[in-house]
Amino acid sequence: MPILIIKEMGSVYITAHVIPATGVNVHGHGIKATVSTLDFLGYKRIVLKPDPEEAILALKDRVNREWSGEITMEESPVEESKSNGGIENGGQHVQGMVRTFRDALESRYGEQD
């Protein structure tokens, strides 16, 4: 299942939400999770640097309609991983945590995937 990762740049705050579906028909959980995270962090204005993926742009549009704050878009250089290093690192961190949880569950219950 897809995972929506939100990382606050300049801090260690990372949140991850499992999203039942992706695509231009954005699932409501992704919208609610994003809006509640932005409200929790207390922002009124944010700058997003998403990949130019249709699903991400659709999520941004829906969040922009439902969140009371202001979203400014900034283009991320195409295939420029250095510019996305923070979120890439956050993604690796979340993947590592998921693997750890999965290994612990498999060990505890004696079953493997």
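The preceding data block contains the structure.
**Q** Help me out: how do you make sense of the pairing of strand β1 (residues 3-7) in this one?
**A** The side chains of a regular strand alternate, first on one face of the sheet and then on the other. With burial as the criterion, only one face of β1 is covered, namely that bearing L4 and I6; the residues I3, I5 and K7 on the opposite face remain uncovered. The sheet contact formed by β1 and strand β2 (residues 14-18) spans 5 bridges and is antiparallel. The residue bridging L4 from the neighbouring strand is H17, located in β2. Counting the residues that bridge the hairpin from β1 to β2 gives 6 residues, and of these G10 lies at a positive phi of roughly 90°.

**Q** Quick question: what am I supposed to make of the nonpolar core here?
**A** Looking at soluble globular proteins, one finds that nonpolar side chains tend to be buried together. Judged by nonpolar contacts, L4, I6, I19, I31, V35, L38, I46, L59, V63, W67 and I71 together constitute the single largest core of 11 residues. Elements with a contribution of two residues or more to this core: β1, α1 (28-41) and α2 (54-66). Excluding anything up to four places from it in sequence, W67 contacts V35, L38, D39, Y43, K44, R45 and I46.

**Q** In this structure, what is going on with a nonpolar patch on the surface? I would like to understand it.
**A** A surface patch of nonpolar side chains, about 230 Å² in accessible area, is lined by I3, V18 and V98. You can see V18 is positioned in strand β2.

**Q** Before we go on, may I ask you to explain the environment of H29 in this structure?
**A** Here H29 shows up in helix α1. Counting along the chain gives 25 residues from H29 to L4, while the straight-line C-alpha distance between them is 10.0 Å. Discounting residues that sit within four places of it in the chain, H29 has contacts with H17, V18 and I19.

**Q** Mind showing me how you'd approach α2 here?
**A** Think of an α-helix as 3.6 residues a turn; residues three or four steps apart then line up on the same face. Between its terminal C-alpha atoms α2 stretches 19 Å, which fits the 18 Å expected from 13 residues at 1.5 Å a residue. Of the positions making up α2, those classed as buried are A58, L59, K60 and V63. Buried-residue contacts for α2 involve β1, α1, β3 (45-48) and β4 (70-73).

**Q** How should the environment of N64 be read in this particular structure?
**A** Relative to the assigned elements, N64 resides in helix α2. Given a relative accessible area of 33%, N64 falls into the partly exposed group. Linking N64 and V35, residues 29 residues apart in sequence, is a C-alpha distance of 9.0 Å. Among residues more than four places away in sequence, those in contact with N64 are G69 and I71.

Thresholds applied
- Numbering of residues starts from 1 in each chain and follows the order in which that chain's sequence is written.
- For this predicted model, a pLDDT threshold of at least 70 governs which residues receive local features, and a threshold of 80 or more governs which side-chain atom pairs are given and counted, while totals over whole chains, interfaces and linings are taken from all residues.
- Hydrogen atoms and water are omitted, and side-chain values are computed over all heavy atoms in the structure.
- Accessibility here uses a 1.4 Å probe with only protein chains present; expressed as a share of the type maximum, an area under 20% marks a residue as buried, one over 50% as exposed, and anything in between as partly exposed.
- Each helix is a run of H or I in the DSSP string that is no shorter than four residues. Each strand is a run of E no shorter than two, and both are numbered from the N terminus.
- Pairing between two strands requires that DSSP report at least two bridges joining them.
- Think of a nonpolar core as a cluster: buried Ala, Val, Leu, Ile, Met, Phe, Trp, Tyr and Cys residues, connected wherever their side-chain atoms sit within 4.5 Å.
- By definition in these notes, contact holds between two residues if any of their heavy atoms fall within 4.5 Å.
- Patches draw on residues past 30% relative accessible area with no salt bridge. Two like charges within 9 Å are joined, as are two nonpolar side chains (Val, Leu, Ile, Met, Phe, Trp, Tyr) within 5 Å.
- The protein chains shown are the only cover counted for residues, whose accessible areas, like all others here, come from Shrake-Rupley with a 1.4 Å probe.
- Salt bridges are identified by distance alone: a Lys or Arg side-chain nitrogen within 4 Å of an Asp or Glu carboxyl oxygen.
- Multiplying one less than the number of residues by 1.5 Å gives the expected span of a helix.

So, to be careful, I would describe these as geometric facts and stop short of saying anything about function.
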